[in-house]
Amino acid sequence: MSLFDSPLFKDSFDQLEMAGSVGGLDPNIIERLKYPKRALQVAVPIRLDDGQVKTFMGYRVQHNMTLGPGKGGIRYHPGVDLSETAALAMLMTFKCALVGLPLGGAKGGIQVDPNDLSRQELQSLTRRFATEISMVVGPSIDIPAPDIGTNGQTMAWFMDTYSQLKGYTVPGVVTGKPIGIGGSLGRAESTGKGVAYCVNFAAQKLGMTIDSKTSVAIHGFGKVGIPAAEDLSAQGARVVAVGDVSGAIYNENGLDIAAAKQYVRENGVVAGFPGATAISNEDLFGLDVDVLIPAAIDGVITEANAGNVKAKIIAEGANGPLTKEAIDIVSANGSFLIPDILCNAGGVIVSYFEWVQGLQNFFWGLDEINKKLHDILAQSFKTCVDTADEFKVDMKKAAFIAALKRIDRAMRLRGLFPS
Ligand code: GLU
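Since we're looking at a predicted model, the values are computed, not measured.

Taken together, the four bridges between strand E7 (residues 238-244) and strand E8 (residues 247-250) define a ladder with antiparallel strand orientation. Across the sheet, the residue bridging to Val-242 is Ile-249, located in E8. Linkage of E7 to E8, two consecutive antiparallel strands, is achieved through a turn of two residues. As judged from the three bridges shared by E8 and strand E9 (residues 277-279), these two strands associate in the antiparallel manner. Paired with Ala-248 across the bridge in E9 is Ile-279.

Here you go:
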């Protein structure tokens, strides 16, 4: 597969070209942003528990570092490949720029189903991968974080391996670490919390209030979906459906989120949760709800099923859950879309706070973190709304244009080397 082959790369590439032309940006800047700055592909061989050796393919792609060190997660998923990783790295460039962070965009991953590996095998995989990409990461070069299939423990192993190689402890090489080794308060819930903040901003803009009359459906009941569900149901909203790889569950009176979370902790999936009816994820996407949050993976709402979506607000908790065609369809049908690079930016914003706290060895309280997160997202939401009004485009295009303007300004100031 070439760098440009994945559907997500094609979509992101098109979004870039479109935003460049609608936003009147310099074509020379757009030309530079079409290509990742650096892409590293590595083999990650590990010894399995049964003694056999198995090799996995790993990637780290740094899309653009004009605004600062690269930033972006590490994904463990069977669908990971070079092209998808490059697309996700490009999205990180725009995400960091849109919310005003002094960071560039990067992404990494391993083509693996982490559910197939034991804890020991996952540790070996992470430590070997960290070693293989150690020459391109570092606190002022590129700072990985969790993504799909990885978590605080993965970051702890990564940080430890990098530190062993250096000979001293380097907490700033990753974010999303457990609190006990320099993680930030609020980081684990930050992506979902940010989604909930953005849903509130959108509701306010549409003249809606979030209360017991508000119905919510969430695809993906994990690191993003659970805290988003908790926050919105704490505000009184009824989370009527949640779905994952096992299917979806529905209760029109609202699911008991604490019980569903406990059930998933014990059973791994939502299927079989008592007190709810089993439905398919396709049914979930088509529910007549106020808010739909696709928070699992890219490409789940396409040309084929976008016409079924009835939600007033669609909050892209995942990266790229709606294809370009799907976005045109739901926008034409009157849904208000909160684009991924805004909607799920809470994670990288609190990652940035974690990085800053680590660099200064001074840690902040949770209230301060959540307030700063809220204020950055509120400002960024306003930037997108203003840009959408100015250029008469939907929120997705507006988010790209606003992000590109910041990158464009920085690239012009820095110039092209050699000139
Ligand atoms: N993986 C998350 C994302 O896609 C977080 C990245 C980070 O914290 O660096 O935004």
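Within the largest apolar cluster, 97 residues are counted, with the highest numbers of intra-cluster contacts made by Phe-94, Val-199, Phe-221, Ile-293, Ile-338, Leu-342 and Leu-377. Looking at which element gives the most residues to this core, the answer is helix H3 (residues 82-98), with 12 residues. In contact with Val-199, other than residues within four places in its own chain, are Ile-210, Leu-232, Val-291, Ile-293, Ile-313, Ala-315 and Ile-338. In this structure, Leu-117, Leu-125, Ala-130 and Val-173 belong to the second largest nonpolar core, which totals 25 residues.

Ordered by their spatial adjacency, seven strands build an open sheet running E9-E8-E7-E6-E10-E11-E12, and the pairing between neighbours is mixed. Pairing within the sheet leaves two strands with one partner each, and these edge strands are E9 and strand E12 (336-338). Strand after strand, the sheet turns through a mean of 20 degrees between neighbouring axes, direction not considered. Along the sheet face, helix H7 (residues 225-234) touches strand E6 (215-219), E7 and strand E10 (291-294) and points at about 170 degrees away from the line of E6.

Conventions and cut-offs
Residues numbered from 1 in each chain as written. Predicted model: local features only at pLDDT ≥ 70, side-chain atom pairs only at ≥ 80, totals over all residues. Heavy atoms only, no water. Pairing = 2+ DSSP bridges. Helix = DSSP H or I, 4+ residues; strand = E, 2+ residues; numbered from the N terminus. Core = buried A, V, L, I, M, F, W, Y, C linked by side-chain atoms within 4.5 Å. Buried < 20%, exposed > 50% of the residue type's maximum accessible area, 1.4 Å probe, protein only. Contact = heavy atoms within 4.5 Å. Axes fitted to C-alpha atoms, helices over the stretch in contact; angles between N-to-C directions.

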